[in-house]
Structure formats: structure tokens, C-alpha cells
Amino acid sequence: MSRNQEIGVAKPMVDASPKARGEARFAADIQLPNLAVAKLLPSLHAHAEVLSIDTSVAEAMPGVYAVITGSDIPEVEGFDPYDHAHGFLARRFAVHVGQPVAAVAAKDPSTAEEALAAIRVAYRVLAPILNAAAALEPGQPVVSRDATASPSEESPSNNAGDAEMINGDLDAGFASADVVLEETYEIPMIHQGYLEPHAVTAWWKQQGHVDVWECVQSPFGARDHIVQTLGIPAHKIALHTTDIGGAFGGKDQGLFSPIAVLLAKKAERPVRLALTREEELTIANPAPMTKIRLKVGVSSNGAITAVDGEVRVDVGAFRTYWGPASFSVCHMLVDKYRVPAFRLHAQDVFTNRVGFGSYRAPMAVQAAFAIESMLDELGCRLGIDPIEMRKRNLISEGEVGAGGAPMPKHGGTAVLQSLMNHAAWRGTKSGRNEDGMCYGRGFALGLWGSGAFPAAAIARLEKGGYVRFTIGQVDLTGSYTSLAQIAAEELGISADRIVFSRADTSRAPFASVSGGSSTIYSMGGAVQEAARELREKIVERAALELDVDRSELRMNDVAVTVEGKSDKRIELDALYEAETSLFFAKYEPFVARGAKGGRVSRMSAPCFSGTIAEVAVNPETGAVKVLRLVTAQDVGKAINPMLVEGQIQGAAAQSVGAALWEAVEYDDAGRVRNADLLDYRLPTAADLPKIETILIEEEGGDGPFGAKGVGEPPMIAPAAAVANAIRNAIGQRINQLPLNPESIWQAMQ
Amino acid sequence: MNLLEMQLEVNGRQRSVQVEANRTLLEVLRDDLGLIGAKEGCGSGDCGACTVLVDDEAMCSCMLLAVEAEGRQITTIEGIAPAGELHPVQSAFVECGALQCGFCTPGMVLSTVALLRRSPQPTEDEIRDALAGNLCRCTGYDKIVRAVQVAAEEAVHV
């Protein structure tokens with residue numbers, strides 16, 4: 001078989017042209033007969049008891065098909081009032097501003113809005129709990145919870161989960177340090193900022209069965225969300241994924257599908273719920289507010305001797321399935337360096353804010369802002385070059401890391417080396433310039449331990465000489481393109497002979513969430529295996545047909561040929577006919593399968609990503625201009641370098657947004673003050689410089705063709721790199737994000 | 001609300017529609033005319049996903065009432081190239097990897113078309129300023145800027 005025709009080739013996404021023509025079908029583009037529009041009635045209070053809801057006027061309005069409240073939610077086994085999944089509609093208590101207390105399905109948006117205005121809700125307003133530090137103190141009010149059928153044994157508290165990580169002799173570690181620094185870092189609530197708001201359409205098309213169309217990263221997770229919250233059996237739900245207008249962790253398994261499903265049942269017609277941008281920024285699972293106290297000791301050569309820390313995450317009103325979030329932070333504070341002794345305390349706290357969700361490399365940006373600022377500052381104190389400082393502490397292959405397992409082979413050193421020698425590091429000036437601006441450069445390092453989730457794929461020969469894969473995975477900005485390249489390489493045909501069916505949960509073999517930078521790693525492995533099995537069967541049958549040994553056979557786009565004898569061949573389509581012709585089929589139709597199991601270790605293929613940022617600060621205004629960004633990343637093997645670069649550049653932009661502008665702001669009553677894209681400021685084209693990428697291909701990962709996770713690692717370092725660059729430019733360090741002009745100007749006074 | 005009978009010129013065709021006065025051009029394009037290439041990302045003119053050309057000028061169709069668009073030439077993403085084909089700006093976006101999720105792309109392409117019509121050889125700063133009203137969360141804008149440069153370059157050689 002010919003090899004290396006597809007892997008490492010930069011090519012446009014398979015769906016790039018239709019997307020450029022505006023033909024992509026996002027969740028709000030799904031058209032169905034008699035489709036009704038759903039709208040949500042938000043709680044006006046951060047914390048309140050819902051005494052009564054009068055929906056009678058709204059229900060009687062012409063054009064209103066259904067109104068639901070918490071009393072319409074069926075009782076389900078396993079109801080957990082602490083679980084984010086169950087918070088889609090308030091029951092007895094509303095626990096954050098914007099939490100839906102009722103929902104309406106109507107013929108059009110304005111009718112739905114009028115119906116919402118006619119609903120009367122009587123609240124008993126409770127004091128909102130908005131201060132995570134105070135919320136844990138004894139005697140403080142607790143976020144109110146609905147009772148469960150079997151009352152939880154835990155006594156009511158705002159403790160949403162805590163844990164401690166301890167290793168080595170902390171006292172001895174600090175005693176041997178030459179310099180000890182203690183700082184507290186604060187990272188605000190930030191939003192994923194995808195441009196497509198959440199949308200979900202539900203239709204009880206067939207008695208007792210519901211079809212759901214939703215923009216989610218995890219089709220089976222989204223299905224299970226409905227099973228869990230409404231008690232509908234999984235086999236009676238078909239969850240259809242749509243094209244996704246950006247997700248970044250925020251569209252994991254959906255949020256409000258139960259509302260669309262309940263409304264559609266009551267309205268007896270399909271119902272679509274699409275969030276407004278205001279709802280997105282108010283009630284759609286942002287990354288949580290995080291506070292990190294960190295004390296680090298280093299010896300005079302820069303080596304870390306001890307780390308002591310306390311991480312507190314304000315998780316809002318609910319737990320999420322992968323929490324505690326603070327524990328993830330603790331882990332990532334110490335996972336990439338050699339830390340002989342540490343003690344880290346993790347604490348998640350309930351408050352009356354919206355529940356949190358994943359945001360691209362969840363909690364890693366927060367952890368990196370703390371530890372990478374700290375190492376930068378320690379490097380400044382010791383006079384050690386920032387990149388050199390990381391090099392001296394970088395965990396080596398085989399060393400046991402924070403997770404307790406030995407570190408596999410990794411590309412961390414190569415990443416550091418490539419940036420240390422880069423012109424952006426060697427040649428950049430710092431300090432105040434003649435033009436009055438303050439220039440600086442900063443560096444930060446990120447690590448993401450990608451691994452495998454379970455995944456399965458089905459492949460078969462398609463009429464016309466194509467190969468069709470059926471998978472449940474969504475095509476998240478290029479996944480199918482890279483999967484096609486993997487399949488084509490394995491089959492020995494070109495990628496444009498590969499077609500994918502994105503199947504709903506009633507038809508697809510299992511696929512995990514398109515997240516955790518695991519899609520290519522997991523589904524790529526399954527697709528590769530299915531392709532290999534299919535090729536073997538094709539070659540086996542061709543050998544029979546041509547009466548030659550299979551080792552003599554070569555496969556191309558249209559036929560299997562005998563090496564050196566171009567006339568001795570069998571067309572792929574002839575093989576298809578040989579397994580499908582009604583009366584003349586010689587073989588049974590062949591279906592190949594590939595499947596990969598999950599892997600528990602987070603560090604099966606560690607991905608290092610480092611960023612250099614260069615900034616200019618205007619001392620008169622405190623405004624920052626990012627002049628240059630360079631990210632070097634160990635990608636194992638870039639299946640499609642253009643798409644890999646795109647991931648790195650997009651992540652860098654998001655991370656810079658978190659550094660300089662982005663924060664969901666709350667007032668004292670628990671209302672979001674900036675729930676629009678003018679005031680929640682995403683980076684624009686005019687804000688950003690060229691984003692340079694260096695792809696390092698360190699072998700050793702066990703992903704397909706050596707590929708490692710790509711999407712999340714480049715998110716981690718840029719925010720801290722920008723912060724370090726600002727420190728370098730102005731000589732002052734600011735430990736609270738975002739580094740807005742006001743805080744920078746104040747630090748410079 | 002009363003329905004108003006009106007004519008809209010969309011992609012070179014006269015279309016008769018009956019609309020309430022409070023409906024936006026975006027709603028009418030998507031819901032009445034089936035032109036779903038324009039997207040609603042914010043509904044307040046901040047993101048640019050609903051951008052269309054109105055008399056050659058890039059505008060947010062969510063900020064324009066349908067009745068205000070009467071008598072003006074409206075071009076949507078569906079109208080800049082014959083069906084199934086790509087406008088040179090679209091080709092450049094595809095080849096340069098300037099799109100990922102594709103949600104902002106129709107608006108981004110139309111803003112680029114408007115830019116290149118008024119300034120065929122824009123500098124990088126001009127490009128970035130011209131596209132600052134079109135948010136993209138996926139690409140970091142790098143490859144979008146390259147695509148605009150490629151489109152401008154190729155227009156010279158045509």
C-alpha cells in the first residue's frame with residue numbers, strides 16, 4: 001500500500017465550501033412543519049422562593065400553544081437539586097438571576113414575548129449569596145434547594161466539594177528555599193463566546209418518541225441529559241446533532257433541551273428554543289470565578305522547593321459532572337514542573353450565580369495565570385530568564401508527577417528550546433521607549449494531558465467506489481477532515497473518496513464528547529481501525545477474484561491492482577456489486593468496525609504549548625496593544641497542519657481576550673451587568689496581531705499516526721504570557737484578570 | 001399588528017412580502033424568504049453574523065427593519081455567486097483556512113466584499129479595521145486577514 005499521501009497535508013475542511021456559501025445548517029436553521037417558537041421567563045431574583053405562578057392569561061392567548069413551569073417536570077428517580085442538569089427550570093426555588101421559571105411555545109417570537117409578559121409570578125425574595133469567601137462561614141445562609149424524594153444525607157451547606165493534594169515534606173521544602181513568594185490571583189467568570197447561541201428543537205414525531213436537534217458536542221451526553229432530567233427512556237429519544245457555530249466546551253450536552261421537549265409534548269408540535277445573547281451571557285454555563293492563593297519557594301538556581309496553595313472556585317448554584325473545578329486547578333498548578341513538596345487545598349463554593357461549564361482547557365487558563373505569573377515573578381527576583389526558569393523546573397520523562405504516575409515522553413523541552421531561540425524572544429526590547437510607550441515581552445507554558453474517550457466507527461464500501469463511515473461524533477471545525485485523512489491514509493486511497501454520515505443517537509455507534517482535545521485521538525483511532533479492517537476485507541476479496549496472493553495487491557482510488565500488471569485489476573465498484581447484487585452476490589455485505597476504549601490516565605499523550613507575547617502599554621491610558629504572539633506546540637503529528645494552526649491561533653485569541661477584556665460582571669443583586677457583546681468584549685480583528693505558530697512533532701504518542709490533542713493546549717499559556725509581558729513593560733504585576741486599562745493605569749501611578 | 005405589503009429587492013430579484021412593521025430585515029430574510037445564510041448571533045448589531053450588503057454597504061440586518069430596506073438592493077451570501085459556485089472571496093476563505101465553524105463566515109465574506117469594492121488593495125490595518133464589526137471566535141482572525149489579502153491580490157491579476 002502506498003503511504004504518506006494524506007497525513008501532514010494541509011487542505012481545506014471538507015465542508016469549507018458549503019460553509020463559505022452559508023449552507024451550513026446550525027441548530028436554529030432546522031425547519032420543520034408548524035414549528036413553534038419557545039421563550040423563557042427568567043427569574044428576576046438571584047435567590048427566591050417561587051410562591052405561585054399564574055399562567056392562565058398567557059395560556060388563553062391566541063397563538064400560544066403551551067406554557068410550562070416547574071410543576072410540569074415529571075418526577076424522576078435520582079433528582080438531584082445540586083446537579084446543574086436539573087436546574088433548567090426553577091421548581092420551588094429560583095437560585096440565580098435568569099433561571100427560567102416558566103417557558104412558552106407560541107406561533108412567533110412576539111406572541112411568545114407577550115405571553116411571557118402575561119405570566120404572574122409571586123416570589124418570596126431571599127438574600128442572595130454572592131460572596132464565596134463568606135458563604136462557607138458557619139451560620140451563613142445557604143443556597144436553597146428543592147427537596148428530593150430521598151432526602152440527601154449531607155447537611156445543607158455551600159460547600160460544593162473540597163479536596164486536598166499533599167506530597168512531600170512541605171516544611172522542609174520551604175526551609176530549603178532561598179526565595180519564597182506568596183500571591184493571590186483572581187480570575188473572573190468568563191464566557192466561551194461562541195457566536196451561535198444555544199438552540200434546540202424537539203418534536204414528538206411518533207407516539208412516545210421524541211426527536212431532538214441540538215448544537216451539542218456530546219450527542220449521547222445530550223440524549224442522556226434528557227433521560228436523566230425527564231425520565232424518557234434512551235431508546236425513545238433520537239438526538240440529532242447539527243452543525244455547531246462554535247462551542248469551546250460550552251455546548252457539551254446542552255442546557256435547556258428538557259424545556260423544548262416538555263413544550264413540544266404539550267404543544268403537540270415541534271418547538272424550537274434558541275437563546276438570545278443576553279440569555280447566553282446570563283444563564284449559559286460560563287467558566288467560574290476563581291481565586292488562587294499561591295506560596296512558592298525556590299532555591300537560588302530557580303528550582304522549585306515547595307508549593308502551598310488554596311484554590312476557591314465560585315461554582316454558582318450547581319455542581320457539574322466533572323467537578324470539583326478547584327481540584328482541577330490544584331492539579332494543573334503542579335503538573336508540569338518538578339515539585340518536591342506541595343500542599344494544595346481545593347474548595348468549590350455554591351453561590352447564587354449561574355452554574356458553570358467547561359471552557360476550552362477547563363480551569364487550565366486559571367491555573368496557568370497563577371503558576372506562570374508566579375514563576376515569572378520568581379525568575380525576575382532571581383535574575384533568571386523566564387524560559388530558562390521553566391526549563392530548570394520542567395518535569396522529565398519518567399519522573400512521577402502530581403498525578404502520581406510517571407510522565408511519558410513529551411515535547412516540553414523542544415517547545416521551550418524553539419521559543420528561547422526565536423527572534424520574538426531574543427530581539428524584543430522592553431521598558432519605556434522614545435515614543436512614550438512601554439514595551440514588554442512575556443512567556444508562559446501550558447500543559448494539557450489529552451487522552452482517549454470511548455469511540456466507535458462503522459465503515460463500508462459505498463456504491464461508486466467510495467468508503468462511507470457512520471459515526472456519532474460531531475464535525476467540530478475540521479474533525480471530519482482530519483478523520484477522512486486518517487481513513488484515507490489507512491485505506492491507501494485519497495481523502496476525497498471518504499464520506500461521513502453523521503448519525504443520530506438512534507443510529508450511530510457510540511461517540512464521546514468532541515472535547516478534551518480527544519476527538520482525533522479517540523475517534524481517529526476508531527476510524528483508523530475500521531479503515532484497516534475494511535481494507536483487509538477488500539484486499540482479501542480482490543485476491544480471490546484475481547487469484548493472486550494478497551501481498552501482490554495495491555489499492556488506489558478506484559481499483560485493487562496487481563503490482564506490475566496494470567491490466568490485472570478489479571474495480572472497487574465491482575467488489576461493491578459482488579456483495580450487493582440481489583441474485584449474483586458472491587459475498588456477504590461487509591461492515592467494518594473500529595472501536596477504542598477510554599483511558600483513565602490524563603497524561604497518555606501530554607501536550608505542551610508555550611507562548612511568547614509582545615505588548616505595548618500606553619502609560620497615559622493603560623491601554624494595551626498586543627504586538628506579536630508566537631505559540632510553539634508539541635502536536636505529536638499534525639494530521640492537517642492548516643487546521644492545527646487554526647486551532648492554535650483561535651485559542652490564542654480567546655486566551656488574550658481573557659487576559660485583557662473578558663469578564664462577566666455582577667451587581668450586588670446578582671444580576672449580570674454586561675450581558676451583551678458590546679460590554680462583554682470579545683477580541684476583534686483590530687485588536688489582535690498576526691499569530692505565529694511553530695508545530696513541533698514529538699513522536700511517542702499513541703494517537704493515530706502519533707497525533708496528540710490540539711484544541712485545548714494552545715488556550716492555556718497566552719493569557720499568562722500577556723500578563724507577564726505587561727509586567728515586563730510596566731515593572732508592576734497585577735494579579736487580577738482582566739488587565740484592563742483602568743487597573744494598568746492605576747498600577748503605574 | 002397590521003401586515004404591510006412590500007417589495008424587497010434581494011439578490012437581484014423582486015420579492016413580495018407581507019410583514020409586520022416591527023420585523024427586522026434579518027427575520028424576513030430567514031423566516032419569509034428562506035435565506036438562512038445570515039445568522040443571528042446577538043440581535044443587537046455587535047457581532048456582525050447577520051451582515052448583508054445594502055446598496056453595496058455591509059450592514060447588520062438585525063438592526064434594520066424590513067420596511068427600511070424597501071427600494072434598496074440587498075445582497076445576501078446566497079446572492080454573491082451563482083448557485084454551487086464560489087465568489088473569489090469565498091474561494092480565498094476556503095483555500096486559506098479562514099473559516100472554522102462557519103457561523104460568522106457569511107457575514108465576514110460580505111464585509112470583505114464590501115471592503116474590496118471600496119478599497120481594492122487594502123493594507124493589513126485597513127482589513128482589520130474593516131472587519132472589526134464581524135466577530136469570529138474560532139480563527140483568531142489570522143487566516144481571515146490572509147484570505148482577504150489573497151482575494152485582493154487575485155483580483156489584481158484577473
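Keep in mind the model is a prediction, meaning the values are calculated, not measured.

Parameters at a glance
- Residues numbered from 1 in each chain as written.
- Chains lettered and ligands numbered in written order.
- Predicted model: local features only at pLDDT ≥ 70, side-chain atom pairs only at ≥ 80, totals over all residues.
- Helix = DSSP H or I, 4+ residues; strand = E, 2+ residues; numbered from the N terminus.
- Rg over C-alpha atoms; globule rule 2.2 N^0.38 Å.
- Contact = placed C-beta atoms within 7 Å.
- Domains from an automatic or database assignment.
- Nonpolar A, V, L, I, M, F, W, Y, C, P; charged D, E, K, R; others polar.
- Buried ≥ 20, exposed ≤ 12 C-beta atoms within 10 Å, placed from the backbone.
- Pairing = 2+ DSSP bridges.
- Right-handed = clockwise from strand over helix to strand, strands pointing away.
- Axes fitted to C-alpha atoms, helices over the stretch in contact; angles between N-to-C directions.
- Parallel < 35°, antiparallel > 145°, perpendicular 65-115°, else oblique.
- Left-handed = near helix turned anticlockwise from the far one by under 90°.

Participant: Looking at this model, I keep getting lost on the overall build of chain B. Mind explaining?
Facilitator: In terms of helices and strands, chain B carries 5 helices and 5 strands. Counting from the amino terminus, helix and strand elements in chain B follow one another as β-β-α-β-β-β-α-α-α-α. Computed over its C-alpha atoms, the radius of gyration of chain B comes to 16 Å, within 12% of the 15 Å expected for a compact globule of 158 residues. Taken along the three principal axes of its C-alpha coordinates, chain B extends 50 × 30 × 25 Å. Partitioning the intrachain contacts of chain B with sequence separation of at least 6 by distance along the chain shows that 59% fall at a separation of at least 24.

Participant: Mind showing me how you'd approach the domain arrangement of chain A here?
Facilitator: How big an interface is tends to be reported as the loss of accessible area on association of its parts. All names here are of chain A. Looking at the assigned domains, one finds that chain A contains domain 1 (32–128 + 193–283), domain 2 (361–450 + 604–748) and domain 3 (452–596). Using C-alpha coordinates to define each centre, domain 1 is positioned 40 Å away from domain 3. The interface of domain 1 with domain 3 comprises 15 residues on the first partner and 13 residues on the second. Taken together, the elements giving at least two residues each to the side of domain 1 that touches domain 3 come down to α6 (219–230) and β11 (237–241). A per-class count over the side of domain 1 that touches domain 3 returns 7 nonpolar, 6 polar and 2 charged.

Participant: Please explain the pairing of strand β14 (residues 304–316) of chain A as it appears in this structure.
Facilitator: Regular strands place their side chains on alternate faces of the sheet. All names here are of chain A. In terms of residue burial, β14 counts as a mostly covered element, since 11 of its 13 residues are buried. The pairing of strand β13 (residues 289–298) with β14 spans 10 bridges and is classified as antiparallel. Opposite Met289, over in β14, you have Asp314 as the bridge partner. The turn linking β13 back onto β14 is made up of 5 residues, and Gly302 within it adopts a positive phi angle of 95°. Of the strand pairs in this sheet, β14 and strand β15 (residues 342–350) are connected by 9 bridges, and their pairing is parallel. The residue of β15 that forms the bridge with Asp314 is Val349. Assessed by its sense of winding, the connection that carries the chain from β14 through helix α9 (residues 325–333) to β15 is right-handed.

Participant: So what exactly am I meant to see when it comes to unusual backbone geometry here?
Facilitator: If a residue is not glycine, its phi is most likely negative; likewise, a peptide bond is most likely trans. Residues and elements named next belong to chain A. Note the cis peptide between Gly323 and Pro324, where omega equals -5°. One can find Pro324 in the loop between β14 and α9. Across the junction of Leu737 and Pro738, the peptide omega takes the value -5°, indicating a cis bond. One non-glycine residue, Glu268, lies in the positive phi region at around 55°. Here Met363, not a glycine, exhibits a phi torsion of approximately 70°, which is positive. For Met363, the position within the fold is in the loop between β15 and α10 (364–382). Given 28 C-beta atoms within a 10 Å radius, Met363 is considered buried.

Participant: Explain the interface of chain B and chain A to me, please; I cannot follow it from the model alone.
Facilitator: Taken residue by residue, the interface counts 40 residues in chain B and 40 residues in chain A. The set of elements that each furnish at least two residues to the side of chain B that touches chain A consists of α2 (88–96), α3 (105–118), α4 (124–130) and α5 (142–157) of chain B. Residue composition of the side of chain B that touches chain A, by class: 21 nonpolar, 11 polar and 8 charged.

Participant: Whenever I open this one, the packing of α10(A) against helix α11 (residues 386–393) of chain A confuses me. Can you help?
Facilitator: Axes are the key here: two packed helices are described by the angle between their axes and the distance separating the axes. Residues and elements named next belong to chain A. Look at α10 against α11: their axes get within 9 Å of each other, and the N-to-C directions meet at 110°. Of the possible angle classes, the one that applies to α10 and α11 is roughly perpendicular. Contacts from Leu375, Asp376, Leu378 and Gly379 in α10 reach Pro386, Met389 and Arg390 in α11. Looking at the contact of α10 with α11 residue by residue, the class counts come to 4 nonpolar, 1 polar and 2 charged.

Participant: Teacher, can you tell me more about the environment of Gly465(A) here?
Facilitator: Residue and element names in this part refer to chain A. With respect to the helices and strands, Gly465 occurs in the loop between β18 (455–462) and β19 (466–471). What makes Gly465 partly exposed here is the crowd of 18 C-beta atoms within 10 Å. Between the C-alpha atom of Gly465 and that of Leu575, which follows or precedes it by 110 residues, the distance is 8.9 Å. Setting aside chain neighbours within four positions, we find Gly465 in contact with Arg497, Asp557, Val558, Glu571, Leu572 and Asp573.

Participant: I'm lost on the sheet that holds β14(A) in this one. Help?
Facilitator: Two pairing modes exist for strands in a sheet, parallel and antiparallel, and in both the strands are linked by backbone hydrogen bonds. Residues and elements named next belong to chain A. Within the open sheet, the 5 strands sit side by side as β7-β15-β14-β13-β8. Their pairing is mixed. Since the sheet does not close on itself, it has two edges, and those belong to β7 (159–167) and β8 (179–187), each with one partner. Between one strand axis and the next, the sheet turns by 5° as a mean value, whatever way the strands run. Relative to β13, β8 is paired through 9 bridges, and the arrangement is antiparallel. Its bridge partner lying in β13, Ile187 is registered against Thr290.

Participant: Explain the packing of helix α17 (residues 641–660) of chain A against helix α18 (residues 713–730) of chain A here, please?
Facilitator: All names here are of chain A. The geometry of α17 relative to α18 is characterised by a closest axis approach of 7 Å and an angle of 40° between their N-to-C directions. It follows from the interaxial angle that α17 and α18 lie oblique. Pair α17 / α18 crosses with right-handed handedness. Contacts from Gln647, Ile648, Ala651, Ala652, Gln654, Ser655, Val656, Ala658, Ala659 and Leu660 of α17 reach α18 at Pro714, Met715, Pro718, Ala719, Val722 and Ala723. Its residues assigned to classes, the contact of α17 with α18 shows 13 nonpolar, 3 polar and no charged.

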